[in-house]
Amino acid sequence: MIETMYDAPGIGLAAPQVGVGQRIAVMEMASEEDEQSPIVMINPEILWTSDETDEASEGCLSFPGHFCDITRPSAVEVRYMDLKGQIVENTLERLQARCAQHEIDHLNGKLFIDHISRLKRGLLVKKFKKELAAGKHRPKQP
Ligand code: GNR
Ligand code: NI
C-alpha cells in the first residue's frame with residue numbers, strides 16, 4: 001500500500017481503495033521536503049476533533065481529477081495500532097489531520113464527496129461517470 005500510495009502519487013491510501021476489506025490505512029507524515037516517512041495505521045480511530053475547522057481543497061485517488069473545498073476539523077487526535085502491534089496516540093494538524101480523516105472515512109465507506117451538498121455531488125458524479133465512459137480513467141500501465 002505504501003508503494004501504491006507513492007506511485008499514485010498520493011499522501012494517503014486506505015485498504016478498501018486497493019480491494020482489501022480491512023481497517024488499514026497508510027499516510028505520509030513528512031513535512032515539506034523531508035525524506036519519506038510513511039505510517040501504517042491499523043484499526044485507526046478518531047478520539048477527538050477540534051472545534052476549529054479548516055476549509056481546503058481535497059481530492060481522492062478513488063475519484064481522480066476532481067477537487068472540492070471541504071470543511072473539516074483542523075486538528076484530530078487519532079489512535080491506531082502500528083506494524084509493531086503497538087498502540088499509538090497522536091494529535092495531527094492541518095493536512096495530516098485532513099488526510100487522517102479522509103482515510104478513516106474510506107474505512108467507513110465514505111468519500112470526500114459525501115461532505116458536499118447533494119446538488120454538487122450529483123453534478124460531480126455525473127461528470128465523473130461521463131469521464132469513465134470515455135475511458136479517461138484507465139489503470140496506469142506498468
Ligand atoms: O493524495 C491525496 N491527497 C489528499 C489531499 C487532500 C486531502 C486528502 C487527500 S488524500 C489523497 C489520497 C487518497 O485518496 N487517499 O485516500
Ligand atoms: Ni481518498
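Structure's up top.
A. Representation of the site of ligand 1 within the structure. Taken together, 13 residues surround ligand 1, and among them I11, Q17, L61, E103 and H106 come closest. Between a nitrogen atom of ligand 1 and a main-chain N or O atom of G12, the distance comes to 3.1 Å. In this structure, an oxygen atom belonging to ligand 1 sits 3.2 Å away from a side-chain N or O atom of H102. Protein chains bury 89% of the 380 Å² of accessible surface belonging to ligand 1 in isolation. Under a 2 Å grid-point criterion requiring more than half of the atoms, the pocket assigned to ligand 1 is the second largest pocket. When residues of the shell around ligand 1 are traced back to their parent elements, those giving at least two are β4 (53-58) and α2 (94-107).

B. The arrangement of the packing of aromatic side chains in detail. As enumerated under the stated definition, the model contains two aromatic pairs in all. Ring geometry for F63 against F112: centres 6.0 Å apart, planes inclined by 90 degrees, an arrangement best described as edge-to-face. Taken as a pair, F63 in the loop between β4 and β5 (68-73) and F112 in the loop between α2 and α3 (118-133) lie far apart in primary sequence, 49 residues in all. Classification of F63 by relative accessible area gives buried; the value is 5%. Assessed through its relative accessible area of 1%, F112 is described here as buried. Ring centres 4.4 Å apart and planes at 25 degrees place the aromatic pair F63 and F128 in the stacked group. Placement of F63 in the loop between β4 and β5 and of F128 in helix α3 is noted, with a sequence separation of 65 residues between them. F128 matches F63 in its accessibility class, with the two residues each being buried.

C. Looking closely at a negative patch on the surface. A cluster of acidic residues, E32, E33, D34 and E35, forms a negative patch on the protein surface. Mapped onto the secondary structure, E35 falls in the loop between β2 (24-28) and β3 (38-49). Under the relative-accessibility criterion, E35 is labelled exposed at 70%.

D. Layout of the environment of L47. By the element assignment, L47 lies in strand β3. Once residues lying within four places of it in the same chain are set aside, the contact partners of L47 are E77, V78, R79 and E89.

E. The sheet that holds strand β6 (residues 75-81), seen in detail. Ordered in space as β1-β2-β3-β6-β7, the five strands form an open sheet in which the pairing is antiparallel. Either end of the sheet is taken by a strand with one partner, and the two such strands are β1 (12-14) and β7 (87-93). With direction set aside, neighbouring strand axes in the sheet form an average angle of 40 degrees. Summarising the sheet, β2 and β3 pair through five bridges and their orientation is antiparallel.

Definitions and cut-offs
- Residues numbered from 1 in each chain as written.
- Chains lettered and ligands numbered in written order.
- Predicted model: local features only at pLDDT ≥ 70, side-chain atom pairs only at ≥ 80, totals over all residues.
- Heavy atoms only, no water.
- Near = heavy atom within 4 Å.
- Polar contact = N/O pair within 3.5 Å; in protein donor to acceptor, adjacent residues only side chain to side chain.
- Areas by Shrake-Rupley, 256 points an atom, 1.4 Å probe, with all protein chains shown as cover.
- 1 Å grid on protein atoms, 1.4 Å probe; cavity = no way out; pocket = protein on both sides within 12 Å on 5 of 7 lines; lining within 4 Å.
- Sits in = over half its atoms within 2 Å of the grid points.
- Helix = DSSP H or I, 4+ residues; strand = E, 2+ residues; numbered from the N terminus.
- Phe/Tyr/Trp six-rings, centres within 6.5 Å; stacked < 30°, edge-to-face > 60°.
- Buried < 20%, exposed > 50% of the residue type's maximum accessible area, 1.4 Å probe, protein only.
- Patch = residues over 30% accessible without salt bridge, like charges linked within 9 Å, V, L, I, M, F, W, Y side chains within 5 Å.
- Salt bridge = Lys/Arg side-chain N within 4 Å of Asp/Glu carboxyl O.
- Lys, Arg positive; Asp, Glu negative; His and termini not counted.
- Charge placed at Lys NZ, Arg CZ, Asp CG, Glu CD.
- Contact = heavy atoms within 4.5 Å.
- Pairing = 2+ DSSP bridges.
- Axes fitted to C-alpha atoms, helices over the stretch in contact; angles between N-to-C directions.

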